[in-house]
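Descriptive structure summary
Chain by chain, the residues run as shown.
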Amino acid sequence: MAENPPYLVSPGTLKTAFEKIKSASTPPRVTGDFVETVIGIKGGSGRALIPFLKRIGLVGSDGSPTELYNHFRNPTLSAKSASQAFRIGFKSLYEFNEYIHKAKDEDVKGAIIQSTGLEPESRVVQAIFGTFKTLKAYCDFEAAEVKSTKPEVPAPVKDEPRKEDMGSVPMHGKVNKHSGINLSYTINLNLPATDDVRVFDAIFRSLKENILKD
């Protein structure tokens, strides 16, 4: 069976954690000491916070804050980043309803029960639902996803023939099909870069036979 959605036994600690993350300086790594001393959450709740932050994409597997963590601290990007973290953490619930963040409470609980296989009255089900609601309050699902600041690799440019590799010869002529209408035309001929006179003879002979004839 797939891993249960992430949760905190005391979802209220998430509010404390988020407010401290926004106000405190970004640490090199989110450690137990950081959670206990800076965020101010101790004991089992503090120990459970780091795995939770990893599950929602704010902290990397090595404990380092991710780009999403830094975006979350930016007031103008915070809600957008939280919605991304929400989608990452509750990915399994989106498999049951792609608009689970808009679903009614009973439908959310139903998706949790179906996803986990647990009893409706399970404490884990209640904790997942409480965490779902707490994290959702920080989200803005209508906003576009935050884009990575990594530079894009430009597409390769196809080589084009250089002007010095070819010549251009303007040619003029007239067309008279005995209809009483005289038409004139100009042909700009791009010649290949070659010293073989036979190539030019063949080109002009073909023009004379197929285009320049009366």
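Use the structure listed above.
Quick look at the structure, then. Each chain has its residues counted from 1, following the order in which its sequence is written. Local features in this predicted model are restricted to residues of pLDDT 70 or higher, and side-chain atom pairs are both shown and tallied only at a pLDDT of 80 or more, whereas totals for entire chains, interfaces and linings draw on every residue. Excluding hydrogens and water, the side-chain values take into account all heavy atoms of the structure.

**Here we look at the overall build of the protein**
Applicable threshold: Secondary structure is summarised from DSSP: a helix means a run of H or I of at least four residues, a strand means a run of E of at least two, and numbering begins at the N terminus for each. By definition, residues are in contact when any of their heavy atoms lie within 4.5 Å. Surface accessibility in these figures is a Shrake-Rupley result with a 1.4 Å probe; residues are shielded only by whichever protein chains are displayed.
In terms of regular secondary structure, the protein is built from 9 helices and 2 strands. The order of helices and strands in the protein, counted from the N terminus, is α-α-α-α-α-α-α-α-β-β-α. Summarising the internal contacts of the protein: among those between residues at least 6 apart in sequence, 57% fall at separations of at least 24. With an accessible surface of roughly 14,200 Å², the protein has 52% of that area assigned to carbon and sulfur atoms.

**Observations regarding the nonpolar core**
As a reminder of what qualifies: Residue types Ala, Val, Leu, Ile, Met, Phe, Trp, Tyr and Cys, when buried and joined through side-chain atoms within 4.5 Å, form a set referred to as a nonpolar core. Only protein chains enter the accessibility calculation, which uses a 1.4 Å probe; a residue is then buried when its area is under 20% of its type maximum, exposed when over 50%, and partly exposed in between.
In this structure, Phe18, Leu53 and Leu58 are the most contacted members of the largest nonpolar core, which totals 39 residues. Going through the elements one at a time, α1 (12-23), α2 (32-39), α3 (43-55), α4 (67-73), α5 (78-89), α6 (91-94), α7 (105-116) and α8 (123-136) are the ones with two or more residues in this core. The greatest single-element share of this core, amounting to 5 residues, is contributed by α8. Ignoring any residue separated from it by four or fewer positions in sequence, one finds phenylalanine 18 in contact with Leu53, Ile56, Leu58, Phe72, Leu135 and Tyr138.

**Focus: α3**
Quick reminder of the rule: Here the bend at each residue means the angle between axes fitted to two seven-residue stretches, the one ending at that residue and the one beginning there.
At leucine 49, α3 is deflected by roughly 25 degrees, the largest bend along its length, and proline proline 51 occurs up to four residues later in sequence. For α3, the set of buried residues is Gly46, Leu49, Ile50, Phe52 and Leu53. Tucked into the core, α3 has its buried residues touching α1, α2 and α8. One or two positions beyond α3, positive phi appears at glycine 57, with a value near 85 degrees.

**A short note on the side chain of serine 83**
Turning to its location among the elements, serine 83 is positioned in helix α5. The buried category is assigned to serine 83, whose relative accessible area is 7%.

**Concerning the layout of surface pockets**
Which parts of space are left empty comes out when a probe the size of a water molecule is rolled across the atoms. Defined as follows: Cavities and pockets are found on a 1 Å grid laid over the protein atoms alone: a cavity is a set of points where a 1.4 Å probe fits but cannot escape, a pocket is an open set with protein on both sides within 12 Å along at least five of seven lines, and a lining residue has an atom within 4 Å of such a point. Grid points are joined across faces, edges and corners, and a volume is the space filled by probe spheres set on the points. Amino acids are sorted into nonpolar (Ala, Val, Leu, Ile, Met, Phe, Trp, Tyr, Cys and Pro), charged (Asp, Glu, Lys and Arg) and polar (every other residue, Gly among them).
Approximately 190 Å³ is the volume attributed to the largest pocket. Lining the largest pocket are 12 residues, and of these Glu3, Arg55, Gly89, Lys91 and Ser92 lie nearest its centre. At the level of elements, α5 and α6 are the ones that each hand at least two residues to the lining of the largest pocket. Across the lining of the largest pocket, the residue classes tally to 4 nonpolar, 4 polar and 4 charged.

**Some thoughts on the pattern of salt bridges**
This is how it is decided: Salt bridge criterion: a side-chain nitrogen from Lys or Arg within 4 Å of a carboxyl oxygen from Asp or Glu.
Counting across every chain of the model gives 3 salt bridges. Here lysine 102 makes a salt bridge to glutamate 142, at a shortest N to O gap of 3.7 Å. Here glutamate 142 lies in the loop between α8 and β1 (166-176) and lysine 102 lies in the loop between α6 and α7, a separation of 40 residues in the sequence. Here lysine 102 matches glutamate 142 in class, with each residue exposed. Of the charged contacts in the structure, one is a salt bridge between aspartate 105 and lysine 133, with a shortest N-O distance of 3.1 Å. Placement of the pair is aspartate 105 in helix α7 and lysine 133 in helix α8, with a sequence separation of 28 residues.

**Quick look at α2**
The condition is simple: Starting at the helix axis, one direction is taken to each C-beta atom, and the arc is that of these directions.
Buried residues of α2: Phe34, Val35 and Ile39, and no others. Considered in projection along α2, the buried side chains sweep an arc of 100 degrees and stay on one side of the axis. In α2, the exposed residues that point more than 90 degrees away from the buried face are Asp33 and Thr37. Of the surrounding elements, those touching the buried residues of α2 are α1, α3 and α4. Remark: glycine 40 follows α2 within two positions and exhibits a positive phi of approximately 85 degrees.

**A closer look at the packing of α7 against α8**
Rule in force here: Helix axes are fitted only over the stretch in contact, all axes being lines through C-alpha atoms; the angle between N-to-C directions runs from 0 to 180 degrees. Angles are sorted into four bins: roughly parallel if under 35 degrees, roughly antiparallel if over 145, roughly perpendicular if 65 to 115, and oblique for all others. Note on convention: near helix rotated counterclockwise from far helix by under a right angle means a left-handed crossing. Clockwise means right-handed.
Between α7 and α8, the least distance of the axes is 10 Å, while the angle of their chain directions is 130 degrees. Regarding the angle of α7 to α8, the classification is oblique. When the axes of α7 and α8 are compared, the crossing they make is right-handed. Of the residues in α8, those in contact with Asp105, Val108, Lys109, Ile112, Ile113 and Thr116 of α7 are Val125, Ile128, Phe129, Phe132 and Lys133. Within the contact of α7 with α8, the residues separate by chemical class into 7 nonpolar, 1 polar and 3 charged.

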